[in-house]
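A structural walkthrough
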Amino acid sequence: MNLPSPPGPPGRVFRALWGYPRRAPLTFGYVCLLLATHVWVGRGLSADRAAGVLGYVSTSPDNLRDHPLAALAGSALFFDGTLTDVASTGFVGTLITLGLGVCCFLAWAEYRWGAPRAMAVFLGGHVAATLLTAVVIAVALRQGWYPPAVRQGLDFGVSYGAQAVLAVGTLALPRWGRPPWAVFVLGWPLGGAEWVAGPLPDFTTVGHLLAAGLGFGLAAVPAFRRRRVRAGGGGGGGCPAARGAGPRAGRAPRPASPAAAGAEGPPPGG
């Protein structure tokens, strides 16, 4: 069903949001799940119970040794941030990881490659960056660069997976926009980094940088530089939330000239 929408940019945004669940159904469902678990932990549980749940799904070294699968899977069901304290740095992190990483670029990856490959990038970044960070923590503890308390540190959420997708999302941008985007993806974790001792920042910053490196590496793989073949065409770069499913998001393509329209029909994929 086509609903009337305002003209101009507001209309394009309306059509994009209206079609978002159809273009990226897995991402849409995952975002709903993340919002539900966020409300459940923040509003539905007592403070002690919420701390216990998040402590159990934390991918700290001790948890990875004790229950690795539950920690890795459970950590991906929550996001560490705020949706209400808009003046905080935590809200900025939520906008980057949940907003840009999951809502926008994971949806773009699902639209471009299909759900299985998109989730493989996201979960691969989540798992691989977590395990590599655990190795870095072990080395840093041995060298005295991190305090022993990091073994039980609280580390959960979707940010490593989102960071990998943000890096792969470089392919969604025009060539001139890719270098500054890469600087942003690598730079925003360093903006809040803490340097305790030794040459390494805090382990969450290390994890984000590792996840970004994994994503940039995948962006260089030829298989990830090709779009999946989709019936009916449509596509284009950028976030799926900013484009329609067809050539003009519900409008018929305009022929270049009457002669061209009569000879060849409408141009493909507008």
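Rules used in this analysis
In every chain, residue numbers begin from 1 and rise along the written sequence. Reporting of local features is limited, given that this is a predicted model, to residues whose pLDDT is at least 70; pairs of side-chain atoms are given and counted only at 80 or more, and all residues count toward the totals for whole chains, interfaces and linings. Working from all heavy atoms in the structure, the side-chain values ignore hydrogens and water. Secondary structure elements follow DSSP: runs of H or I of four or more residues count as helices, runs of E of two or more count as strands, with numbering from the N terminus. One less than the number of residues in a helix, times 1.5 Å, gives the span that helix is expected to have. The angle between axes fitted to the seven-residue stretch ending at a residue and the seven-residue stretch beginning at it gives the bend at that residue. A contact between two residues is defined here by any heavy atoms of the two lying within 4.5 Å. Note on ring pairs: Phe, Tyr and Trp rings are taken, using the six-membered ring of Trp, and paired if centres are within 6.5 Å. Classes follow the plane angle, with under 30 degrees stacked, over 60 edge-to-face and the rest tilted. A simple rule labels every residue: compare its accessible area, found with a 1.4 Å probe on the protein chains alone, to the largest value its type can have, and call it buried under 20%, exposed over 50%, or partly exposed in between. Whenever Lys or Arg places a side-chain nitrogen within 4 Å of a carboxyl oxygen from Asp or Glu, that contact is recorded as a salt bridge. Axis angles are defined between N-to-C directions and span 0 to 180 degrees, where every axis is a line fitted to C-alpha atoms and, for a helix, only to the segment in contact. What sets the label is the angle itself: under 35 degrees gives roughly parallel, over 145 gives roughly antiparallel, 65 to 115 gives roughly perpendicular, and the rest give oblique. Put simply, a crossing is left-handed when the front helix is turned counterclockwise from the back one by less than a right angle, and right-handed when it is turned clockwise. Classes in brief: Ala, Val, Leu, Ile, Met, Phe, Trp, Tyr, Cys and Pro nonpolar; Asp, Glu, Lys and Arg charged; the others, Gly included, polar. Disulfides are defined in this document as cysteine sulfur pairs within 2.5 Å. What we call a nonpolar core is a set of buried Ala, Val, Leu, Ile, Met, Phe, Trp, Tyr and Cys residues that are connected through their side-chain atoms within 4.5 Å. The pLDDT value tells you how sure the predictor is about a given residue, anywhere from 0 up to 100.

**Thoughts on helix H9 (residues 178–191)**
- Given a rise of 1.5 Å per residue, 14 residues ought to cover 20 Å, and the 20 Å separating the end C-alpha atoms of H9 matches this to within 8%.
- Roughly 25° is the biggest bend found in H9, and it falls at Val185, with proline Pro189 one to four residues downstream.
- Along its buried surface, H9 packs onto helix H6 (89–113), helix H8 (159–168) and helix H10 (203–219).

**Section: the packing of aromatic side chains**
- For the structure on display, the rule yields six aromatic pairs.
- For the pair Tyr20 and Phe28, a centre-to-centre distance of 6.4 Å together with 65° between the ring planes defines the contact as edge-to-face.
- In this structure Tyr20 comes out as buried when scored by relative accessible area, which is 10%.
- Classification of Phe28 by relative accessible area gives partly exposed; the value is 36%.
- Pairing Trp181 with Phe184 gives two aromatic rings, centres 5.1 Å apart and planes at 40°, and the pair type is tilted. Of this pair, Trp181 and Phe184 are both found in helix H9, three residues apart, which corresponds to roughly one turn of the helix.

**What about the pattern of salt bridges?**
- Taken as a whole and judged by the stated rule, the model has one salt bridge.
- For Asp62, the salt bridge identified is with Arg65, shortest N-O distance 3.2 Å. One end of the pair is Asp62 and the other is Arg65, both in helix H4 (residues 61–66) and three residues apart, which spans about a single turn.

**So, the packing of H8 against H9**
- Between H8 and H9, whose axes approach to 9 Å, the crossing angle comes to 160°. By the angle between their directions, the pair H8 and H9 is classed as roughly antiparallel. For the element pair H8 and H9, the recorded crossing hand is left-handed. Taking contact as the criterion, the partners of Gln163, Leu166 and Ala167 in H8 are, on H9, Trp181, Val185, Trp188 and Pro189.
- Considering only residue class, the contact of H8 with H9 consists of six nonpolar, one polar and no charged.

**Topic: the state of the cysteines**
- In total, this model carries zero disulfides according to the counting rule given.
- Looking at the unpaired Cys32, the closest cysteine sulfur is the one in Cys103, lying at 9.2 Å.
- Judged by its relative accessible area of 36%, Cys32 falls in the partly exposed class.
- Cysteine Cys103 is unpaired, with the sulfur of Cys104 as its nearest cysteine sulfur at 8.4 Å.
- A relative accessible area of 25% means that Cys103 is categorised as partly exposed.

**Description of the nonpolar core**
- Of all hydrophobic cores here, the largest spans 31 residues; its most connected members are Tyr30, Val102, Phe105, Leu106, Trp108 and Phe122.
- Listing elements by their share of this core, those giving two or more residues are helix H2 (25–44), H6, helix H7 (115–143), H8, H9 and H10.
- Per element, the largest residue contribution to this core is nine residues, and it comes from H6.
- Listed in part, the eight residues of the second largest apolar core include Val41, Leu45, Val53 and Phe78.

**Describing the confidence of the model for the protein chain**
- Residue-level pLDDT values for the protein chain average 82, and 76% of them are 70 or greater.
- Mean pLDDT across the secondary structure elements of the protein chain bottoms out at helix H11 (residues 258–264), with 39, and peaks at H8, with 97.
- Counting interchain partners and residues more than four positions distant, the pLDDT-below-50 stretch residues 231–238 has 13 contacts.
- For the stretch residues 240–270, pLDDT sits under 50, and the model shows 35 contacts to residues farther than four places along the chain or on other chains.

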